[in-house]
Amino acid sequence: MSRYSAAEIESKWQEAWNKASVFTASHKTDRPKYYVLEMFPYPSGRIHMGHVRNYTMGDVIARYKISTGHNVLHPMGWDAFGMPAENAAMAIGANPRDWTYQNIADMRDQMKPLGLSIDWSREFATCDPEYYGQQQALFLDMLETGLVYRKNAVVNWDPVDMTVLANEQVIDGKGWRSGADVERRELTQWFFKISDMAEELLEALDGLENWPAKVRLMQENWIGKSRGLQMTFDLTAPEHGHDGIEVYTTRPDTLAGASFMALSTDHPLSRALEADNPDLAAFNADCRKLGTSEVELEKADKRGFDTGLTVQHPLHPDQTLPVWVANFVLMDYGTGAIFGCPAHDQRDLDFARKYDLNVIDTFVAMDDDSRVENTAYVPPKTEKVRWIDQPAGLDVATGQEAIDATIDWAEAQGMGEGKTQFRLRDWGLSRQRYWGCPIPVVHCDTCGVVPEKKGNLPVRLPDDVSFDIPGNPLDRHPTWRDCPCPACGAPAKRETDTMDTFVDSSWYYARFTAPRAETPTDLDEADYWMNVDQYIGGIEHAILHLLYSRFFARAMQITGHLPEKAIEPFDALFTQGMVTHEIYQTRDERGRPVYHLPEDIADGKLADGTEVEIIPSAKMSKSKKNVVDPVSIISAYGADTARWFVLSDSPPERDVEWTAAGAEAAHKHLSRVYRIADDIAASDTGPQAVDQDLLREMHKAINDVTLGVESFGFNAAIARLYAFTNTLAKSKAGKAAKLEAVKTLAQLMSPMTPHLSEEIWTRLGGEGLITTAPWPVADPAMLIDDTVTLPIQINGKRRAEISVPKDMSKDEVEKTALAVDAVQKALNGAAPKKVIVVPGRIVNVVV
Ligand code: ANZ
Ligand code: ZN
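Undergrad: Give a detailed account of the overall build of the protein chain, specifying residues and quantitative values.
TA: Counting secondary structure elements, the protein chain contains 27 helices and 33 strands. Once the C-alpha set of the protein chain is aligned to its principal axes, its extents read approximately 120 × 75 × 65 Å. Within the span of the protein chain, comprising 847 residues, buried residues form 54% of the whole. Within the protein chain, contacts between residues separated by at least 24 positions form 71% of all contacts whose residues are at least 6 apart in sequence. On the protein chain, roughly 37,500 Å² of surface is accessible, and the fraction owed to carbon and sulfur atoms is 50%. Here the protein chain contributes 88 positive and 124 negative side-chain charges, whose respective centroids are spaced 8 Å apart.

Undergrad: Go over the sheet that holds strand β31 (residues 797-805), please, and point to the residues and values.
TA: Strand pairing within a sheet occurs via backbone hydrogen bonds; the two strands may be parallel or antiparallel. Strand order in the open sheet made by the four strands is β31-β30-β33-β32, with mixed pairing throughout. Only two strands of the sheet have a single neighbouring strand rather than two, namely β31 and β32 (834-838). Adjacent strand axes in the sheet meet at a mean angle of 20 degrees, parallel and antiparallel pairs treated alike. On top of the sheet, helix α26 (residues 810-818) reaches β30 (787-794), β31, β32 and β33 (842-846); it is set at about 120 degrees to β32, its chief contact.

Undergrad: Outline the packing of helix α3 (residues 83-92) against helix α4 (residues 96-111), listing residues and values.
TA: For the pair α3 and α4, interaxial distance at closest approach is 8 Å and the crossing angle is 115 degrees. When the axes of α3 and α4 are compared, the crossing they make is right-handed. Of α4, the residues touching α3 (which contributes P84, A85, A88, A89 and I92) are P96, W99 and T100. Of the residues that constitute the contact of α3 with α4, the class distribution is seven nonpolar, one polar and no charged.

Undergrad: With reference to specific residues and values, describe the coordination of the zinc ion (ligand 2).
TA: The coordination sphere of the zinc ion (ligand 2), as far as protein atoms go, consists of C444 (SG), C447 (SG), C485 (SG) and C488 (SG), spread over 2.2 to 2.4 Å. Classification of the site at the zinc ion (ligand 2) as tetrahedral follows from its four donor atoms and the range of 106 to 113 degrees in their angles at the metal. All donors of the zinc ion (ligand 2) come from a single chain, and their spacing in sequence reads C-x2-C-x37-C-x2-C. Linking C447 in the loop between β19 (441-444) and β20 (448-451) with C485 in the loop between β21 (482-484) and β22 (491-494), this pair joins segments that are 38 residues apart in sequence. On the basis of relative accessibility, which here comes to 35%, the residue C447 falls in the partly exposed class. Overall, C485 belongs to the buried group, its relative accessible area being 3%.

Undergrad: Residue-level account of the site of ligand 1, with values.
TA: The environment of ligand 1 is formed by 17 residues, the closest being T249, T250, L330, Y333 and H344. At 2.7 Å from an oxygen atom of ligand 1 is found a side-chain nitrogen or oxygen belonging to T249. In the model, an oxygen atom of ligand 1 is placed 3.1 Å from a nitrogen or oxygen of the T250 main chain. Within the complex, 84% of the 640 Å² of free accessible area of ligand 1 lies under protein. Only β9 (242-249) and β13 (337-340) provide two or more residues apiece to the shell around ligand 1.

Undergrad: Before we move on, can you summarise the packing of aromatic side chains with the specific residues and values?
TA: Aromatic rings in a pair are described by how distant their centres are and how their planes are angled relative to each other. Under the definition given, this model contains 40 aromatic pairs. One aromatic cluster is present, formed by F40, F124, Y131, W507, Y508, Y509, F512, Y535 and F570 through successive ring pairs. It is R63 that lies over the ring of W17; its NZ or CZ is 4.4 Å from the centre.

Undergrad: Tell me about a negative patch on the surface, and name the residues and values.
TA: On the surface, a cluster of negative charge is contributed by E246, E401, D404, D408, E411 and E417. Considering each element in turn, the negative patch owes the most residues, four residues, to helix α12 (residues 399-413). Secondary-structure assignment places D408 in helix α12. The class of D408 is partly exposed, set by a relative accessible area of 47%.

Undergrad: Talk me through the nonpolar core; I want residue IDs and the actual numbers.
TA: A general trend in soluble globular proteins is that nonpolar side chains are found buried together. Counting residues in each nonpolar core, the largest one holds 163 residues, and the members touching the most others are L429, Y508, Y509, F552 and W658. The element contributing the most residues to this core is helix α2 (residues 49-67), with nine residues. Counting 30 residues, the second-largest nonpolar core is a separate cluster that includes A256, V323, A337 and M415.

Undergrad: So what's going on with the sheet that holds strand β24 (residues 534-538)? Residues and values would help.
TA: Taken in spatial order, the four strands make up an open sheet running β2-β1-β24-β25, and their pairing is parallel. The open sheet has two free edges, formed respectively by β2 (71-73) and β25 (573-576), since each of these has just one partner strand. Taken over all neighbouring pairs, the strand axes of this sheet differ in orientation by 20 degrees on average, direction set aside. Lying on the sheet, α2 is in contact with β1 (33-38), β2, β24 and β25; it crosses β1 at an angle near 175 degrees.

Undergrad: I'd like a rundown of the side chain of Q219, residues and numbers included.
TA: Within the element layout of this structure, Q219 appears in helix α7 (residues 213-223). At 2.9 Å, the side chain of Q219 and the backbone oxygen of A542 are in polar contact. Look past the residues within four positions of Q219 in its chain and what remains in contact with it is L205, W211, A542, I543, L546, L547 and R550.

Undergrad: Account for the side chain of T559, with residues named and values stated.
TA: Here T559 lies in the loop between α17 (544-558) and β25. At 2.8 Å, the side chain of T559 forms a polar contact with the backbone oxygen of A555. Beyond its immediate stretch of four places on either side in the chain, T559 contacts L138, D141, M142, T145 and L147.

Rules used throughout
- Numbers given to residues run from 1 along each chain, matching the order in which its sequence is written.
- Just so you know, chain letters begin at A and ligand numbers begin at 1, following the order they were written in.
- Predicted model: local features are reported for residues with pLDDT of at least 70 only, side-chain atom pairs are reported and counted for 80 or more only, and whole-chain, interface and lining totals are derived from all residues.
- To obtain the side-chain values, all non-hydrogen atoms of the structure were used and water was disregarded.
- Numbering of helices and strands runs from the N terminus; a helix is a DSSP stretch of H or I covering at least four residues, while a strand is a stretch of E covering at least two.
- Think of it in three bands: with a 1.4 Å probe and only protein chains considered, a residue is buried below 20% of the maximum accessible area for its type, exposed above 50%, and partly exposed in between.
- Whether two residues are in contact is decided by their heavy atoms, any of which lying within 4.5 Å being enough.
- Computed with the Shrake-Rupley method and a 1.4 Å probe, the accessible areas treat only the protein chains shown as cover for residues.
- We count Lys and Arg on the positive side and Asp and Glu on the negative side, and we leave His and both chain ends out.
- Note that the charge is assigned to NZ on lysines, CZ on arginines, CG on aspartates and CD on glutamates.
- DSSP bridges decide pairing: two strands pair if at least two such bridges lie between them.
- Every angle, taken between N-to-C directions, lies between 0 and 180 degrees, and every axis is a line fitted to C-alpha atoms, over only the stretch in contact when it is a helix.
- By the definition used in this description, the sense in which the near helix is turned from the far one sets the handedness, with an anticlockwise turn below a right angle giving left-handed and a clockwise turn giving right-handed.
- Each residue gets one of three labels, nonpolar for Ala, Val, Leu, Ile, Met, Phe, Trp, Tyr, Cys and Pro, charged for Asp, Glu, Lys and Arg, and polar for the others, Gly among them.
- In this description, a donor is an N, O or S atom within 2.8 Å of the metal centre, a cutoff extended to 3.2 Å for sodium, potassium and calcium. Water is not part of the atom list, which can make sites seem incomplete.
- Geometry assignment treats four donors as tetrahedral when all angles are between 85 and 135 degrees, treats four as square planar and six as octahedral when opposite donors are over 155 degrees apart and all others between 65 and 115, and treats everything else as irregular.
- The criterion for a residue being near a molecule or strand is simple. One of its heavy atoms has to lie within 4 Å of it.
- Pairing of N or O atoms within 3.5 Å defines a polar contact, subject to two protein rules: one partner must be a possible hydrogen donor and the other a possible acceptor, and residues neighboring in sequence count only if both atoms are side-chain atoms.
- Any two rings among Phe, Tyr and Trp, with Trp reduced to its six-membered ring, count as a pair given centres within 6.5 Å; such a pair is stacked if its planes are under 30 degrees apart, edge-to-face if over 60, and tilted if neither.
- Counted as over-ring charges are cases with an Arg CZ or a Lys NZ within 6 Å of the ring centre that also lie within 35 degrees of the ring normal.
- Two joining distances apply to patches: 9 Å for like charges and 5 Å for nonpolar side chains (Val, Leu, Ile, Met, Phe, Trp, Tyr), and every residue must have over 30% relative accessible area and no salt bridge.
- In the sections that follow, a salt bridge refers to a side-chain nitrogen of Lys or Arg positioned within 4 Å of a carboxyl oxygen of Asp or Glu.
- What makes a nonpolar core is a set of buried Ala, Val, Leu, Ile, Met, Phe, Trp, Tyr and Cys residues whose side-chain atoms join them at distances within 4.5 Å.

Structure, rendered in structure tokens:
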């Protein structure tokens, strides 16, 4: 008898899979294709349990699809550009390129022991010139078709780091790294014209039936379609050439309740007034420090400045409204100006209370006209309301009807125009960074902005850069910028902006279909492999990454790099939950928390006996030290245990809590399966008894595991496998039946525990690799529970039981019962005095 040794088994089978190239995808077979993809990782240098869970899920599906006769594409790569490499360069003087490739090598080494069914021949990193060169080609094609353009835009500028910050990098108005007050600056930036596709991106969401509803909703909200009214409020006196102020409102039903106007600090009128109003100039300057993030603006205190100007109320010519400049009005939404209706908008009410402005009801609740002092009345737009002042003077029931009617009325009056707006802005892709894909254009004094020639791609990043001075090293490089103008040949300068790293991840799925092609894609390959049949990743990518990918798939189709059918690149999407762990905490002498690694805790104590406080499970995070390192788990228990555990305890969309006890139990179970298989292999042939229960349990397992794997019910599949294992362990069936059962068990487990399964399969004489063996098929007849177990009483005492078909006749049941060993013995050759069969319940024999 041998013991389960994951270490021996796992490397052996990984080698066998390699040798047989079982995971190398090729489209030259007549099998149906299946493309499964997990969101590729950022090469931080260490894999974590979240990776293990994500990739194991993809792996289960990939392996299952191989077994069910599919031609599977399951690739892996690295989302390798981005800030951390530059931060490392600044912090430890590393070269971003070396740092990144070293991390990739380390992570690949940590990942490979997991035994994932990945076609490593397709691996690439987005920082490979072969990849970003094709991205540059794609960019040039998009430039030609007008999908990319340049414009001035307000950005967050960090005056210390001398760099543009993303909105997420501005924290409370300060640069996340430097801590300096962030300024708003206008710079010329590159943009993708995603807003042109807003309507289409919104409508197509309906077709994404195999996406989580919550992701579709998040995308819908992000795109933010709204229909409203655009109209002008006349200034009582012209000012700096402005006769009126144009606003966009989605609540024209509240027009009668308008009590003030508010301009963005960057509104042309506000800027004009600034010139001769130093107080306003100071106010605006102060507001601009907040940065450009909508979320920041939402959180910030509402502040305003009264310009002293007034406008005419459009419905009540005898009334005027004051014009304010307010920090919460965005310049790049609608018209950059609003009318405020404090009665029906909380933000406006907060503002009105602060600056003592009027609050005027347009409607009240049907049965209650009292107003809560500091709460705006904002019923659902479809709720019936009682009108106090309906702008069009119409008899309408709800806000929605009033909105529609007011737009029509305003249009008829020539007062304004119905307009559809989207929240979705064009995607600014310029980054003033080194470690990204260079934007392949050249600035020429005579020709202006000139696209680089495709023949000169890739425009490579220079390796000799330094990070000792803040700012973009590409700007400072002594020679990198110099190049001939692609149009006139005169000396010119390269663009030093690089692309947002979201660009890199917006088309990698397409590149995997032909990763070495000398064009961005190979249409034949893309046509064969696309779409991604199953995409798996974190919910944190629900909005930007997926939206940008959907935009890119469309752009790539327009530029001839993807076929029509790939317009929505991901047929099905699954967002997995996190791996969590308890947090162990003590406090230092000043009462500050000190965290401890799980491996340093035994029975709630540190090695020196100090009790630790246990904080309930939370997302694994290095800062809280509640992490378990996959590498050490694999070396302690093997990859199969880690894989089995992350799949077993919770539904995959929920969080799973990692516990040492759970990992231990998973390992014990796998050892048990190994032992059962070993025992069966070593057992004598024995009597060929039939065990209907075992057969039935086997078919149930086939059925449930198949359904479970197909519907992301991995934990349910595993629960069924536990039950099957128990039945098998207790079974008195003959060797042949048990062999069949344990081989089936190994097959059903193989997507989750591929190494152990291969080992069992081979030991029990399975043919070839279990990985490529055809998936077992359940016999539907065996799934119906059509037998009953009847106890047999002899002279009132329970002596045996029989399993019989439910519909067996009384006579047949009697005959079967009398043939049982225990009954035969009791009768000792004589005939029974009496036999009573209660169908479905019991057999009584009196001797
Ligand atoms: C008057 C009003 C009254 C509004 C009311 C709302 C409630 P959505 O629906 O998200 O598209 N708005 C318009 N442009 C703005 C800008 N540049 N910055 C900040 N706010 C702006 O938002 C449209 C509503 O947001 C508009 O409708 C406008 O305020 C405000 F009881 O107009 B509303
Ligand atoms: Zn030129």
